[in-house]
Amino acid sequence: MPRRSPPDDASAYKGWTRPGPVPPGGVDAEPGESLDGLCGRWRIFQLEKGNRFSTDDLVTAWYGTAWCPRAGRIADLGSGIGSVALMAAWRCPGAVVHTVEAQEASLRLARKSIRYNGQEARIFPRLGDLRDPALFEGEAPFDLVTGTPPYWPEGHRLPAAHPQSVPARLEVRGSIADYAMTAARILAPGGIFACVFPNDQRDRALAALRDAGLLCLHRREIVFKEGEPYGLDVFAAGRRQDYPEAFEARAQCPEVEPSILIRRADGSADPAIAGVRLAVGFPPGV
């Protein structure tokens, strides 16, 4: 799981220093907020008792930027407090990033984080519903679209205690099917849609991609703890129309990559997740 940064950005391991630009800062946390390490030297504002960035966001940003051949334009759907968008921007320093988020409280935090990290010239957050057919109207298509959709229909799980977290957990404003349909509509030819979903709902995720006209190219399982069945799948998909008719069978899509373990049975961190964390500017080591 992502961890909070130490109070400063000094060397963390044998002279290793956090990569990437130093943010200008100049934005302060308000009561009830925290300012936490996100990637490299960049930080993110979060509510102390609200929705906070997680492994889901980390692996989505990492997987999408790893499989997109050249991300010049990025869109993040249901962007929440901006964690995926910021990590994708950090990984792709030349990219322009557009986001859409329906909750004003989350969007306010995202805007603060964008200012703190000095990215107002290339990350453009907006208030809106990702299901709106006019979303991003007039914008050029996107090389990479990311999304961390809610996992369960309303009534299938108890709502979160904090109202900001409810839409992140339950399908209040759209499901993975809506995320996939929107991604398919705004993707550029050859573009990649990266998303995450629980491994026990794998078939539902694959069906959503297929019904939206997307071809799942790569899939990787994220196992929370050794010996426990529940975890995540992260997907990278492209528009089906961009590939030859026989491509899926000949390329054996989706490619199922080796799973990544987060915690061993004894509770220690597995080196596999340490490699992912290193790729987004967290200290080395396990």
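Residues numbered from 1 in each chain as written. Predicted model: local features only at pLDDT ≥ 70, side-chain atom pairs only at ≥ 80, totals over all residues. Heavy atoms only, no water.

Asker: If you had to explain the nonpolar core to someone new, which residues and values would you point to?
Answerer: Of all hydrophobic cores here, the largest spans 77 residues; its most connected members are Ile74, Leu77, Phe136, Val145, Phe193, Leu209 and Leu214. The biggest single contributor to this core is helix α2 (residues 83-91), with seven residues. Ignoring any residue separated from it by four or fewer positions in sequence, one finds Val145 in contact with Ala75, Leu77, Ala183, Ile186, Leu187, Ile192, Phe193 and Ala194. (Core = buried A, V, L, I, M, F, W, Y, C linked by side-chain atoms within 4.5 Å. Buried < 20%, exposed > 50% of the residue type's maximum accessible area, 1.4 Å probe, protein only. Helix = DSSP H or I, 4+ residues; strand = E, 2+ residues; numbered from the N terminus. Contact = heavy atoms within 4.5 Å.)

Asker: How would you summarise the pairing of strand β1 (residues 33-39) if you had to cite specific residues and measurements?
Answerer: The element β1 is largely enclosed, with a buried count of six among its seven residues. One ladder, built from six bridges, connects β1 with strand β2 (residues 42-47); its direction is antiparallel. Paired with Cys39 across the bridge in β2 is Trp42. In textbook terms, the turn of a hairpin is the stretch between consecutive antiparallel strands, and for β1 and β2 this stretch comprises two residues, one of which, Gly40, has a positive phi near 55°. (Pairing = 2+ DSSP bridges.)

Asker: Any details on unusual backbone geometry? Residues and values, ideally.
Answerer: Trans peptide bonds make up the majority, and among non-glycine residues the majority have a negative phi. With an omega dihedral of -5°, the bond running from Cys253 to Pro254 counts as a cis peptide bond. On the secondary structure map, Pro254 appears in the loop between α7 (247-250) and β10 (255-263). Here the phi dihedral of Phe136 falls at roughly 60°; this positive angle occurs in a residue that is not glycine. Secondary-structure assignment places Phe136 in the loop between β5 (123-127) and β6 (142-147). A positive phi angle, near 55°, is found at Gln252, a position not held by glycine.

Asker: Give me the sheet that holds strand β9 (residues 231-239): which residues, what numbers.
Answerer: Strand order in the open sheet made by the eight strands is β5-β4-β3-β6-β7-β9-β8-β10, with mixed pairing throughout. Looking at which strands have only one partner, the edges of the open sheet turn out to be β5 and β10. For this sheet, the mean inter-axis angle between neighbouring strands, taken without regard to orientation, is 15°. When strand β3 (residues 73-77) meets β6, the two strands line up parallel, connected through four bridges. Among the inter-strand pairings, Ile74 is bridged to a residue of β6, identified as Leu144. Contacts from helix α3 (residues 104-116) reach β4 (96-101) and β5, with the element oriented near 165° to β5. (Axes fitted to C-alpha atoms, helices over the stretch in contact; angles between N-to-C directions.)

Asker: Tell me about the pattern of salt bridges, and please be specific about residues and values.
Answerer: Counted under the stated rule, the structure contains 14 salt bridges. As a salt-bridge pair, Glu30 and Arg108 come within 3.5 Å of each other at their nearest N and O atoms. Pair noted here: Glu30 is in the segment before β1 and Arg108 is in helix α3, with a separation of 78 residues, a long-range link. On the accessibility criterion, Glu30 (40% relative accessible area) is partly exposed. The closest approach of N and O atoms between Arg126 and Glu139, which form a salt bridge, is 3.7 Å. Here Arg126, found in strand β5, pairs with Glu139, found in the loop between β5 and β6; they are 13 residues apart in sequence, far enough to count as distant. Residue classification places Glu139 among the partly exposed positions, given a relative accessible area of 32%. Look at the salt bridges and you will find they share partners, linking Glu30, Glu33, Arg108 and Lys112 into a network. (Salt bridge = Lys/Arg side-chain N within 4 Å of Asp/Glu carboxyl O.)

Asker: Now, about helix α1 (residues 55-67): what can you tell me, with residues and values included?
Answerer: Compared with an ideal rise of 1.5 Å per residue, which puts 13 residues at 18 Å, α1 spans 18 Å between its outermost C-alpha atoms and is within 8% of the ideal. Burial of α1 is extensive: 11 of the 13 residues sit out of reach of the surface. Burial in α1 covers these residues: Thr55, Asp56, Asp57, Leu58, Val59, Thr60, Ala61, Trp62, Tyr63, Gly64 and Thr65. (Expected span 1.5 Å × (residues − 1).)

Asker: How would you sum up the packing of aromatic side chains? Please name residues and give values.
Answerer: In this structure the tally under the stated criterion is six aromatic pairs. The ring of Phe142 has Arg73 sitting right over it, with the charged end atom 4.6 Å from the ring centre. If you follow Lys112 out to its NZ or CZ, it ends over the ring of Phe45, 4.4 Å from the centre. (Phe/Tyr/Trp six-rings, centres within 6.5 Å; stacked < 30°, edge-to-face > 60°. Lys NZ or Arg CZ within 6 Å of the ring centre and 35° of its normal.)

Asker: Describe α3, and please don't skip the residues or the numbers.
Answerer: With 13 residues, α3 should cover 18 Å at 1.5 Å per step; its first-to-last C-alpha distance of 18 Å lies within 8% of that length. Three or more residues of α3 are buried, namely Ser106, Leu107, Leu109, Ala110, Lys112, Ser113, Ile114 and Tyr116. On the buried face of α3, the contacting elements are β1, β2, α2, β4 and β5. Two residues or fewer after α3 comes Gly118, characterised by a positive phi angle close to 70°.

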